[in-house]
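Each chain, letter by letter, is given below.
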Amino acid sequence: MSTAMNFSSKSFRPRAPDKGSFPLDHFGECKAFKEKFMRCLKDNSYDNSLCRLQSKEYLECRMDNQLMAKEPLEKLGFKDLLDKPSQENQVKP
């Protein structure tokens, strides 16, 4: 049958997804940040909007320890939590 699928004619090469797949923290390098984040979630009835600072710190730890790809925090949804330059430090033209 010419319309039958022949799986052996093409080789399938799996690849990791672009996002959502990263190494496990086998050495516990970010364990304290993870536990702080999980404690915050539990204390706030698992409302993650109340634990964004802890989430940001945990992701920063993972990026600093090469446990996930470096991404700008703005791209990860933390633009509002970044340090903003104070009005006093801005140069007036």
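Residues numbered from 1 in each chain as written. Predicted model: local features only at pLDDT ≥ 70, side-chain atom pairs only at ≥ 80, totals over all residues. Heavy atoms only, no water.

Caption draft 1: Examining the UniProt feature "domain: CHCH" (unreviewed entry) in the protein chain more closely. According to UniProt, the "domain: CHCH" (unreviewed entry) feature falls on residues 30–63. Strand forms 0% of residues 30–63 and helix 74%; the C-alpha atoms that close the span are 10 Å apart. (UniProt positions renumbered as here; feature names shortened; annotations may be inferred. Helix = DSSP H or I, 4+ residues; strand = E, 2+ residues; numbered from the N terminus.)

Caption draft 2: Summary view of the environment of Ser 49. For Ser 49, the location among the structural elements is in the loop between helix H1 (31–43) and helix H2 (52–64). Looking at Ser 49, the relative accessible area reads 46%, which means it is partly exposed. Among the polar contacts made by the side chain of Ser 49, one reaches the side chain of Asp 47 at a distance of 2.6 Å. (Buried < 20%, exposed > 50% of the residue type's maximum accessible area, 1.4 Å probe, protein only. Polar contact = N/O pair within 3.5 Å; in protein donor to acceptor, adjacent residues only side chain to side chain.)

Caption draft 3: Highlighting the state of the cysteines. Under the counting rule described, the total for this entry stands at two disulfides. Covalently, Cys 30 is tied to Cys 61 through a disulfide, its sulfur atoms 2.1 Å apart. Because the sign of the S-S torsion sets the handedness, a value of about -95° for the bond joining Cys 30 and Cys 61 places this disulfide among the left-handed ones. Of this pair, Cys 30 sits in the segment before H1 while Cys 61 sits in helix H2, and the two are 31 residues apart along the sequence. Each of the two residues, Cys 30 as well as Cys 61, counts as buried. (Disulfide = S-S within 2.5 Å.)

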